[in-house]
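# Structural description and commentary
Given next are the chains, with one letter for each unit.
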There are 2 protein chains.
Amino acid sequence: MDDEAHLEPAAPLRADARRNHDALVAAAAEVFADLGVDVPTKAIADKAGVGVGTVYRRFPKRSDLVVAVFRHEVERCAAAAQDLAARYPPFEALARWIDCFLDLVVTKRGLAAALQSEAPAYADLRGFFEDRLVPPLQGLMAAALGERSADISGQEMWRAIALLCAPATSDDFARTRRMVALLINGLRVDGADSPRTESIDS
Amino acid sequence: MDDEAHLEPAAPLRADARRNHDALVAAAAEVFADLGVDVPTKAIADKAGVGVGTVYRRFPKRSDLVVAVFRHEVERCAAAAQDLAARYPPFEALARWIDCFLDLVVTKRGLAAALQSEAPAYADLRGFFEDRLVPPLQGLMAAALGERSADISGQEMWRAIALLCAPATSDDFARTRRMVALLINGLRVDGADSPRTESIDS
DNA sequence: ATATATACGGAACGATGTTCCGTTTAGAAA
DNA sequence: TTTCTAAACGGAACATCGTTCCGTATATAT
């Protein structure tokens, strides 16, 4: 959240710092793709040709680096919602958008898992994704479900989808997709399928 | 898988070893409840009053200890399937059984997450749970869905449920339950809700 | 009582995350 | 151009944790 052209200058980086920043993002992108986002910091530092201290100075938390690497893709996914809503019937637009999210997350090794991590280093990652992706999802859900307000919020639906993706790699895209499809399916009918409130008495 | 009364003797443990084994299971049960199943080995060793070496000698993999602690509960959950199937209409029996599983997993801090771990130390944990729980689930699903064979296998359904539980603690039982309910809901209608096969063209 | 296989404890090792600090350097000022 | 200093650097140092190893202790058979 501190790169790219922004509003407040707040002290521009020195030339070497800027270089290292860029080199780190590039190196991280490569290494994340090869080894996953949970790769040792040293590997990123080596790839970028800097010391680990520099990694931590520019990107104090791992999530900062992850966000820097994937920001554009996340925002592209968020933006796709409008197009899809305009082009397809509501429910299909929703399904297609979710597919779009799956593509994003499933092709980045360890990203979906990191999204679930409670480690301090990943603390802001979920927030970043939710800020960008939940609103579009919520919009699509509202359109698809109509006034019959969802049994589940956009936030919760997002969480559920992200959870189902957690172990996913490109290999088991199909499996993940089946599980998520089941979830979407569940939206089609009015909820309240589970009437029991007492506990099991076995 | 190496405790309790078994078939082959295969060298009975020495008295002190037996004592330590039992102390470790007891200590682990306590510590797991307090700190979660991913607690440092040292904490378990200290609680049991033994050295870490002893922990690893008796329980080479963390999953061995986890299984020893939760085996009974898992088997009770597995056994509940029959009772439920006899007592309730098929779909309600399924829903209730899943609730039973949620209770089991959600009240054990970190257990659901460990179920997803790919670390060698947890390698056999998923297998243990699946061996005991997938068959009952499959039975209940078959009864509920009838000949219209599920769009999703018992194995995959179990996996999906377990994934949705991953971050769950007693606190967010309700949230987890809503997500799982949505999943169950998805079973009610014939699948194939997502007709698209081409990619998004935005 | 003795012998020995069994078991014990915890030091040692390796991997990683994160911080700290002595050294280097970009870039402004003289 | 030279000088000066804040900014930045690199990597050693520290902390944590999993796992292994081995010298010591002991249960138990003889």
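Along every chain, residues carry numbers that run from 1 in the direction the sequence is written. Just so you know, chain letters begin at A and ligand numbers begin at 1, following the order they were written in. Per-residue local features of the predicted model are confined to residues with pLDDT of at least 70, and side-chain atom pairs are confined, for both listing and counting, to 80 or more; whole-chain, interface and lining totals are unaffected and use all residues. Side-chain numbers come from the whole structure's heavy atoms, not from hydrogens or water.

### Comments concerning the overall build of chain A
Defined as follows: By definition, any uninterrupted DSSP run of H or I lasting at least four residues is a helix, any uninterrupted run of E lasting at least two residues is a strand, and each is numbered from the N terminus. Relative accessibility decides the category of a residue: with a 1.4 Å probe and only protein chains considered, values under 20% of the type maximum give buried, values over 50% give exposed, and everything between is partly exposed. For the accessible areas, the method is Shrake-Rupley and the probe is 1.4 Å, while residue cover comes only from the protein chains on display.
Scanning chain A from terminus to terminus reveals nine helices and zero strands. Counting from the amino terminus, helix and strand elements in chain A follow one another as α-α-α-α-α-α-α-α-α. Expressed as a percentage of its 202 residues, the buried residues of chain A come to 49%. In the form shown here, chain A has an accessible surface area of approximately 9,600 Å², with 53% of it arising from carbon and sulfur atoms.

### Details of helix α8 (residues 154–165) of chain B
Residue and element names in this part refer to chain B. For clarity, the cut-off: A helix is expected to reach a length of 1.5 Å times the quantity of its residues less one.
With 12 residues, α8 ought to run about 16 Å at 1.5 Å a step, and its terminal C-alpha atoms sit 17 Å apart, in line with that. Counting buried positions along α8 gives 11 out of 12 residues, so the element sits mostly inside the fold. Among the residues making up α8, those that are buried are Gly-154, Glu-156, Met-157, Trp-158, Arg-159, Ala-160, Ile-161, Ala-162, Leu-163, Leu-164 and Cys-165.

### So, the protein's contact with DNA strand C
Spelled out, the test is: What makes a residue near a molecule or strand is one non-hydrogen atom of that residue sitting within 4 Å of it. Whenever two N or O atoms come within 3.5 Å, that pair is a polar contact, provided that in protein one can donate a hydrogen and the other can accept it, and provided that, for residues adjacent in sequence, both atoms are side-chain atoms.
Near DNA strand C there are 20 residues, and of these Arg-14, Asn-20, Gly-53, Thr-54 and Arg-57 of chain B occur at the shortest range. A distance of 2.5 Å is found between a phosphate oxygen of DNA strand C and a side-chain nitrogen or oxygen belonging to Thr-54 of chain B. Within the side chain of Arg-57 of chain B, an N or O atom sits 2.6 Å from a phosphate oxygen of DNA strand C. Every element with two or more residues in the surface near DNA strand C is listed here: α1 (15–35) of chain A together with α1 (15–35) and α3 (52–58) of chain B.

### Describing the protein's contact with DNA strand D
Using the following cut-off: Under the scheme applied, nonpolar residues are Ala, Val, Leu, Ile, Met, Phe, Trp, Tyr, Cys and Pro; charged residues are Asp, Glu, Lys and Arg; polar residues are all the others, including Gly.
Around DNA strand D sit 21 residues, and of these Arg-14, Asn-20, Gly-53, Thr-54 and Arg-57 of chain A come closest. Among atoms of DNA strand D positioned within 4 Å of the protein, sugar and phosphate together represent 67%. Arg-14 of chain A places a polar side-chain atom, nitrogen or oxygen, 2.7 Å from a base nitrogen of DNA strand D. With respect to DNA strand D, the side chain of Arg-57 of chain A contributes an N or O atom lying 2.5 Å from a phosphate oxygen. Those elements that provide at least two residues to the surface near DNA strand D are α1 and α3 (52–58) of chain A together with α1 of chain B. Looking at the surface near DNA strand D, the element that brings in the most residues is α3 of chain A, giving five residues. Considered class by class, the residues forming the surface near DNA strand D number nine nonpolar, six polar and six charged.

### Quick word on the layout of surface pockets
The cut-off we apply is this: Put plainly, a pocket is an open set of points on a 1 Å grid over the protein atoms alone with protein on both sides within 12 Å along at least five of seven lines, a cavity is a set where a 1.4 Å probe fits but cannot get out, and a lining residue has an atom within 4 Å of a point. Grid points are joined across faces, edges and corners, and a volume is the space filled by probe spheres set on the points.
Taken as a whole, the largest pocket holds about 1,000 Å³ of empty space. If you trace the largest pocket, you find 35 residues lining it, with Ala-113, Gln-116 and Ser-117 of chain A together with Ala-113 and Gln-116 of chain B closest to the centre. For the lining of the largest pocket, the secondary structure elements donating two or more residues are α6 (111–114) of chain A together with α6 (111–114) of chain B. For the lining of the largest pocket, the class distribution of residues is 19 nonpolar, nine polar and seven charged.

### Focus on the pattern of salt bridges
Definition in use: Here, a salt bridge means any side-chain nitrogen of Lys or Arg that lies within 4 Å of a carboxyl oxygen of Asp or Glu.
Across all of its chains, the model carries 22 salt bridges over all chains by this definition. Residue Glu-156 of chain A is joined to Arg-178 of chain B by a salt bridge in which the shortest nitrogen-to-oxygen separation is 2.6 Å. Taken together, the residues span two chains, with Glu-156 of chain A in helix α8 (residues 154–165) and Arg-178 of chain B in helix α9 (residues 173–188). The class for Arg-178 of chain B is partly exposed, based on a relative accessible area of 37%.

### Side note on the side chain of Arg-126 of chain A
All names here are of chain A. For the record, the criterion: Note on charges: Lys and Arg go in the positive column, Asp and Glu in the negative column, and His and the chain ends are not counted at all. Contacts are residue-level and defined by heavy atoms, with any inter-residue pair within 4.5 Å sufficient.
If you trace the backbone, Arg-126 turns up in helix α7 (residues 125–145). Lacking a salt bridge, the buried Arg-126 has Glu-130 as its closest oppositely charged neighbour, with an N-O distance of 4.8 Å. With residues near it in sequence (within four places) discarded, Arg-126 still touches Leu-115, Gln-116, Ser-117, Trp-158 and Arg-159.

### Here's the deal with the packing of helix α4 (residues 62–87) of chain B against helix α5 (residues 90–106) of chain B
To characterise two packed helices, one gives the angle between the axes of the helices and the distance between these axes. All names here are of chain B. We apply this condition: Axes here mean lines fitted to C-alpha atoms, for a helix over just the part in contact, with angles spanning 0 to 180 degrees between N-to-C directions. Roughly parallel means an angle under 35 degrees; roughly antiparallel, over 145; roughly perpendicular, 65 to 115; everything else is oblique. Each helix crossing is assigned a hand: it is left-handed if the near helix lies turned anticlockwise from the far helix by less than a right angle, otherwise right-handed if that turn is clockwise.
The geometry of α4 relative to α5 is characterised by a closest axis approach of 9 Å and an angle of 165 degrees between their N-to-C directions. Between α4 and α5, the angle falls in the class roughly antiparallel. Handedness of the α4/α5 crossing: right-handed. Between α4 and α5, the contacting residues are Glu-73, Val-74, Cys-77, Ala-78, Ala-80, Ala-81, Leu-84 and Ala-85 on the first element and Ala-93, Arg-96, Trp-97, Cys-100, Phe-101 and Leu-104 on the second. Its residues assigned to classes, the contact of α4 with α5 shows 12 nonpolar, no polar and two charged.

### Here's the deal with the packing of aromatic side chains
The condition that has to hold: The pairing test for Phe, Tyr and Trp rings, Trp by its six-membered ring, is centres within 6.5 Å, and the orientation test on the planes gives stacked under 30 degrees, edge-to-face over 60, and tilted for anything in between. Charge-over-ring contacts are defined here by two conditions on Lys NZ or Arg CZ: a distance within 6 Å of the ring centre and an angle within 35 degrees of the ring normal.
Across all of its chains, the model carries eight aromatic pairs over all chains by this definition. An angle of 80 degrees between the planes, with centres 5.9 Å apart, marks the rings of Phe-128 of chain B and Phe-129 of chain B as edge-to-face. A residue is classified by how much of its surface remains accessible, and Phe-129 of chain B, at 1% relative accessible area, is buried. Every member of this aromatic cluster is reached through a ring pair, and the members are Trp-97, Phe-101 and Trp-158 of chain A. Across from the ring centre of Phe-91 of chain A, 4.1 Å away, lies the NZ or CZ of Arg-188 of chain A, which sits over that ring.

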